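Geometric and topological summary
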Amino acid sequence: MVLIRVALIGLSSSSPSWLSLAHLSYLLSARGQQKFQIVALQNSSLSAAEAAIKKYNFDPTVVTAYGTPEDLAKDEDVELVVSGTRVDVHYGNLKGVLEGWKATGKTSGKGLYSEWPLASNLQQVEELIALAKETGIKTVVGTQGLASPVVKKIGEVLKSGRAGKVLSSEMRLSGVTAEREAMQEKTEYFTKRETGGNMWSIGGGHLIDLLQSALGELQTNVKSHFHIQRPLVPLKDSETGAITRAVTSNTPDLLYVVGSLPASDTVQQNASLHLRMRRGPPFPGESAFVWTLTGEKGEIRVTSKESVAIILGAGEVKIEIHDYETDKVEELPAPARNVGSVYEGVWEAWTEGVSTSQEGGDKRYNDWEVAGRRHELLERLLVDNGF
């Protein structure tokens, strides 16, 4: 079986990260190791990369440490570079690798997998997309909600006709942070729009992508209302829980988006779509995540006690369908993991030529062009609301 050789950017030796929690769990699994091989790590310094190699018991004769993306780009063994850093350093790392590959002229068979968001602002996103097109490399973005078995199960139900065509869909999310007012110091960047990583750009981006992947691209008549309910945000020490200071937020913590969907085999023309996101826990006893799809013959409801379970592919998710004719509610089975499915799709597309396009049917991951469209919508709605 063909192995794709992988380099990871941002695998920390000092604290858990999305790379260690989600990516490594697949890459180091028996199935993952049949298709991918980790051959390099790049961190903010050479010593940090070496520390990560030691932390995760990688063989230093197999896994090479790098301190800059430019040095990483010179490693001819690397085929797929995966960036899982905080969003504000995505641009520098991704651009460094792209320009490094461009300088060597050896871009054939190369690819970049960036976690979402792709970069801190639309200008950076557009620059990265243009550079990727120029070099001809393959691209992947980590909006892995579309790979969720939950979304696939909903797709199966809709295609079966059990619920009829979708007339409307509503998604409500409460959470992202554990408290309504305070945040952990390490998530202070959520309060700074310029960083590019906040409730809307991360959570909203994932949910907008998930909804459009499941139901179709939103039409141009999208309306929104964003609000900062709590502009002064206390920050807590992650170890002691003590409030250390307060910062002023310039990112919204309450968001409403309303739009309509195009007609398809499973969706009625101009079916309504409504998204509401609120920072902080839900009302006691209510689910943090509720997604309903109202159809002609029945209604599908997806719920979870965890606000981002459907995005991360972690935690318990319940899928139910209410049949209008019988007035009975049936619970459907719902499996979990998402990131592994993205890697599976990458391997199939790169080694076996399996289509991952929407038209090809089984879409397993998004590329940077899709990411660009998502970023454009997110930015437009922010600007429309004065942010």
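Residues numbered from 1 in each chain as written. Predicted model: local features only at pLDDT ≥ 70, side-chain atom pairs only at ≥ 80, totals over all residues. Heavy atoms only, no water.

Concerning the UniProt feature "domain: Gfo/Idh/MocA-like oxidoreductase N-terminal" (unreviewed entry) in the chain
Basically, it comes down to this: UniProt positions are given in the numbering used here, feature names are shortened, and annotations may be inferred rather than shown by experiment. Helix and strand labels come from DSSP, where a helix needs a run of H or I of at least four residues and a strand needs a run of E of at least two; each type is numbered from the N terminus.
Feature annotation in UniProt places "domain: Gfo/Idh/MocA-like oxidoreductase N-terminal" (unreviewed entry) on residues 4-142, given in this structure's numbering. As annotated, residues 4-142 has a helix share of 42% and a strand share of 22%, and its two end C-alpha atoms lie 18 Å apart.

Some remarks on helix H8 (residues 199-215)
Rules: A helix's residues, less one, multiplied by 1.5 Å, set its expected span. The angle separating two fitted axes, one through the seven residues that finish at a residue and one through the seven that start at it, defines the bend at that residue. Accessible area is worked out with a 1.4 Å probe on protein chains only. A residue is then buried under 20% of its type maximum, exposed over 50%, and partly exposed in between. Counted as a polar contact is a pair of N or O atoms within 3.5 Å, where, for protein atoms, one must be capable of donating a hydrogen and the other of accepting one, and residues adjacent in sequence contribute only when both atoms are in side chains.
For H8, which comprises 17 residues, the first-to-last C-alpha distance of 23 Å matches the rise-based estimate of 24 Å (1.5 Å per residue) to within 8%. Where H8 bends most, at Gly205, the angle is about 30 degrees. Here H8 lies mainly inside the structure; 15 of its 17 residues are buried. Residue Asn198 occupies the N-cap position of H8, its side-chain oxygen lying 3.0 Å from the main-chain nitrogen of Trp200. Downstream of H8 by a residue or two, Gly216 has a phi angle that is positive, lying close to 120 degrees.

Things to note about the packing of aromatic side chains
Selection rule: Only Phe, Tyr and Trp rings take part, Trp by its six-membered ring, and two of them pair if their centres are within 6.5 Å. Stacked means planes under 30 degrees apart, edge-to-face means over 60, and tilted covers everything else. Our definition puts a charge over a ring when NZ of Lys or CZ of Arg is within 6 Å of the ring centre and also within 35 degrees of the ring normal.
Considering all chains together, one arrives at seven aromatic pairs under this definition. A ring pair is formed by Tyr26 and Tyr343, whose centres lie 5.4 Å apart and whose planes are at 10 degrees; its orientation type is stacked. Of this pair, Tyr26 sits in helix H1 (residues 18-27) while Tyr343 sits in helix H10 (residues 339-352), and the two are 317 residues apart along the sequence. Assessed through its relative accessible area of 8%, Tyr26 is described here as buried. Judged by relative accessible area, Tyr343 falls into the buried class, the value being 0%. An aromatic cluster is present here, built from Tyr26, Phe36, Tyr113 and Tyr343 joined pairwise through their rings. The lysine or arginine in question, Lys35, covers the ring of Trp347, its NZ or CZ lying 4.7 Å from the ring centre. In this arrangement the basic side chain of Lys138 is found over the ring face of Trp350, its NZ or CZ atom lying 5.0 Å from the centre.

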